[in-house]
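Here is what each chain is made of, one letter per residue.
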Amino acid sequence: MAIVAMKQITVCGLKHQQADILAYLQRCGCVQPAPIAPEAASISQTEAAQKRAFYDKGAAETKAALEVLGTYGVKSAPPLSMLAGRETLSQEACNAYMQKNEETIALTARILTLGRAIQDRKAENQRLTAQIAALEPWLPLAVPTSFEGTKTTEVLIGTLPGPLTREAVMAILAEKLPHFETYELDIVFTHSDATGIFLLCRKEERRAAEDALRAAGFMRVANPSTHIPEIKKSRLQSRIQKNEESNEADIKKLQSLAEKTDQMRFYIDYCTMRSEEYAVTETLLQSRYAFFLTGYLPATEAPEIEQQLQKRFGAAVEIAEPDPEADVPVLLKNNAFTTPVESVVEAYSMPAKGELDPSVVMSLFYYLLFGLMLSDAGYGVLIVLACSICLTKFKNMESSMKNTLKMFLYCGISTMFWGFLQGSFFGDVVGVVASTFFGSDVALGPLWFAPLDDPMRMLLFALLLGIIHLFCGLAMNMAQHFKNKEYREIFYDGIFWYLLIGGLALLLTTSSMFADVAGFQLALPPVGMTILKGAILAGALGIILTSGRDSKNWVVRILRGLYGLYGATGYLSDILSYSRLLALGLATGVIGTVINKMAGMAAEPLGGFGIIVFIIIFLLGHAINLGINLLGAYVHTNRLQFVEFFGKFYNGGGRKFEPFAAHTKYYKLSKEDN
């Protein structure tokens, strides 16, 4: 349970060394700057928003260019590349990349231009393809769709709704225009939803003919062309072909630029670092010749940072204890067993000022409960092997990913432990394989007991484990009070609840109801029963008298005390929550057993071929079972920590220590040059 001690640092340096000092602190990554309010008119805060915007824009544009290359030129990263970690660059390598920054900016602009041109041509081709599709029905037409006739004639080219014959169109004209006889009508195409027509008539009869057709739903051709449909189609296809050739040429240009991705990635990291640097610059105070920086850093790092700032830059450095009222950031530091679950604590909330770090105690129960929920030795072996291989093979893995894999490694070991105790190895696969293929009754028996055979025993064990977990939460609460020298609260919020809840749990074991469920009964002598009941009564009275201690009114105090005693029902609810240990453990075992039975039943009548069928069903079924129950164990283990365990002592609300550092995406900066 370690919260790193923090120191406050104040740095005063010369203005012309500001960039170098900030670069040094960024590479060290151990100082979290804090804003300072101006105290004199001669000192002003730096305005760096425009420069930040410049670098933010540069990073965004270069990311967009990389996405363009990823679409047309760069091969996708291998599936396990996320485990490989970032390449570490020396200062010399960084300087070499920085000399190419101007080239990278121009390269980014060129890539974005090529990408936009390709997308524009693709969009145009989609429009042209749609035009060709609309033109297809009119291909039999021997005149342009915009043709309107001669000096003495008028032409109507368009569509009528529905499939119509020439006679049907003529009937429409005859009904509306009985004396309309001098005309030429052709059906260009007939579809299920439209009919294309060509109507030639005398110029003076055109309006009447069009009105008659419009009454029947006639519409002229949309976007008429001055070219014959066949020629128009050929021109459109030629434009599509030209666009495709241009795109192929531009894609080849992009592919030839794929080798530049490393310097583009560096430029993204460079812009990110510079943007963060200017964000820190905005928190500084500056005069004409000097600047001031203040912030927090771990006490263990303070001597080295102070020495280097003075030695390298001649800066004035002051290291001091933080103000007791200051919102000091929180940094956790634990052993290798506990560190992997620090992320779980952070996901809930960092410890508030004066609170204990719950990571150590929580880690013990986290691994224990996770394994009990999954509780299959075969699954545990797979998890341990997968995590061990990844941790061994990928030495440069990011610390967050490494901690996650270590967490699941320990969870896998716990799963193996509980699986062998309960006799579950991929369900009952040993027995099924023995009986199906060898006619044997060999099976892997439990070292302790099988929950499927004795679920009540498992339920009682889960509830007992829950009581222990909750009591550890109470112990953490008492330790917190002891640390804060609140000695009376140790009794009020700890011992009284131990007497009440522990006494009630012990009293329950002496009842006949418990004997009917558990199969055994605790026998206490009369003196022991008297002491037990007295302890319960003392705990209840203590809670009633102290739960409302903040109130000066004794009536209100007693009423609040009674309400506090009612909180014992919350303990019952919390304890019952641990029945999920039984539920998830049984779910894993039952589903695994069913999968094995299905595989055995399918394989048995197939002889030698049945082995293949068995393996397929086994692998597919257990992969699904592992995935579902692995997720369930993770979610419910977190829930038991967040709700039941933390609810007994932990408030959180602290601010995580987030130092000014090189938060890069693609490369890590070597600290050896510091």
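Residues numbered from 1 in each chain as written. Predicted model: local features only at pLDDT ≥ 70, side-chain atom pairs only at ≥ 80, totals over all residues. Heavy atoms only, no water.

Draft legend 1. Spatial organisation of the side chain of K648. Counting through the fold element by element, K648 comes out in the loop between α23 (610-645) and β12 (667-669). Take K648: its relative accessible area is 13%, and that puts it in the buried class. A distance of 2.6 Å separates a polar atom in the side chain of K648 from a polar atom in the side chain of D574. (Helix = DSSP H or I, 4+ residues; strand = E, 2+ residues; numbered from the N terminus. Buried < 20%, exposed > 50% of the residue type's maximum accessible area, 1.4 Å probe, protein only. Polar contact = N/O pair within 3.5 Å; in protein donor to acceptor, adjacent residues only side chain to side chain.)

Draft legend 2. Broad picture of the packing of helix α22 (residues 580-603) against α23. Following both chains from N to C, one finds α22 and α23 inclined at 170°, their axes separated by 8 Å at the closest point. Regarding the angle of α22 to α23, the classification is roughly antiparallel. Looking at the contact of α22 with α23, its residues break down into 15 nonpolar, eleven polar and two charged. (Axes fitted to C-alpha atoms, helices over the stretch in contact; angles between N-to-C directions. Parallel < 35°, antiparallel > 145°, perpendicular 65-115°, else oblique. Nonpolar A, V, L, I, M, F, W, Y, C, P; charged D, E, K, R; others polar.)

Draft legend 3. Representation of the packing of aromatic side chains within the structure. In the structure shown here, the tally under the stated rule is 41 aromatic pairs. Ring geometry for Y55 against Y278: centres 6.0 Å apart, planes inclined by 15°, an arrangement best described as stacked. Of the two residues, Y55 sits in helix α2 (residues 49-72) while Y278 sits in helix α9 (residues 261-281), which places them 223 residues apart along the sequence. On the numbers, 4.8 Å between centres and 50° between planes, the contact of F646 with Y650 is tilted. Within the aromatic cluster, the residues linked to one another by ring pairs are F54, Y55, Y97, F266, Y267, Y270, Y278 and Y667. (Phe/Tyr/Trp six-rings, centres within 6.5 Å; stacked < 30°, edge-to-face > 60°.)

Draft legend 4. A look at the environment of V556. Within the fold, V556 resides in helix α20 (residues 554-566). A relative accessible area of 35% places V556 in the partly exposed class. For the pair formed by V556 and T415, sequence separation is 141 residues and the distance between their alpha carbons is 50 Å.

Draft legend 5. Region of interest: the sheet that holds strand β7 (residues 194-202). Strands sit in the order β6-β7-β5-β8 across an open sheet of four strands; the sheet is antiparallel. For this open sheet the edge positions go to β6 (183-190) and β8 (219-220), each flanked by a neighbour on one side alone. Pairing analysis gives nine bridges linking strand β5 (residues 153-161) to β7, with the strands arranged antiparallel. Looking at the pairing, E154 lines up with C201 of β7. In the packing of helix α6 (residues 166-176) onto the sheet, contacts are made with β5, β6 and β7, and the angle to β6 comes to roughly 135°. On top of the sheet, helix α7 (residues 206-215) reaches β5, β7 and β8; it is set at about 0° to β5, its chief contact. (Pairing = 2+ DSSP bridges. Contact = heavy atoms within 4.5 Å.)

Draft legend 6. Just a nonpolar patch on the surface, in detail. A cluster of nonpolar side chains, namely F420, V430, V442, L444 and L447, defines an oily patch on the protein surface of about 430 Å² accessible area. On the secondary structure map, V442 appears in the loop between α15 (429-437) and α16 (455-483). (Patch = residues over 30% accessible without salt bridge, like charges linked within 9 Å, V, L, I, M, F, W, Y side chains within 5 Å. Areas by Shrake-Rupley, 256 points an atom, 1.4 Å probe, with all protein chains shown as cover. Salt bridge = Lys/Arg side-chain N within 4 Å of Asp/Glu carboxyl O.)

Draft legend 7. Region of the structure containing the nonpolar core. Counting residues in hydrophobic clusters, the biggest one holds 72 residues, and the most contacted among them are M362, Y366, W497, L500, I501 and L581. Counting residues per element, this core draws most heavily on helix α12 (residues 359-374), at ten residues. Counting residues in each nonpolar core, the second largest holds 21 residues, with V11, L284, L297 and F660 among its members. (Core = buried A, V, L, I, M, F, W, Y, C linked by side-chain atoms within 4.5 Å.)

Draft legend 8. Representation of the pairing of β5 in the model. Most of β5 is tucked away, with seven of its nine residues classed as buried. As paired strands, β5 and β8 are joined by two bridges and run antiparallel to one another. Each residue of the ladder has a partner; that of G158, found in β8, is R220.

Draft legend 9. The pattern of salt bridges, seen in detail. Counted by the stated rule, this structure contains 24 salt bridges. With a closest N to O distance of 2.7 Å, E210 and R206 form a salt bridge. In this pair, E210 and R206 both sit in helix α7, four residues apart, roughly one turn of the helix. We classify R206 as partly exposed; its relative accessible area is 22%. Across the pair K648 and D574 runs a salt bridge, and its minimum N-O distance is 2.6 Å. With K648 in the loop between α23 and β12 and D574 in helix α21 (residues 568-577), this residue pair connects regions lying 74 residues apart in the sequence. Each member of the pair, K648 as well as D574, carries the same accessibility label: buried.

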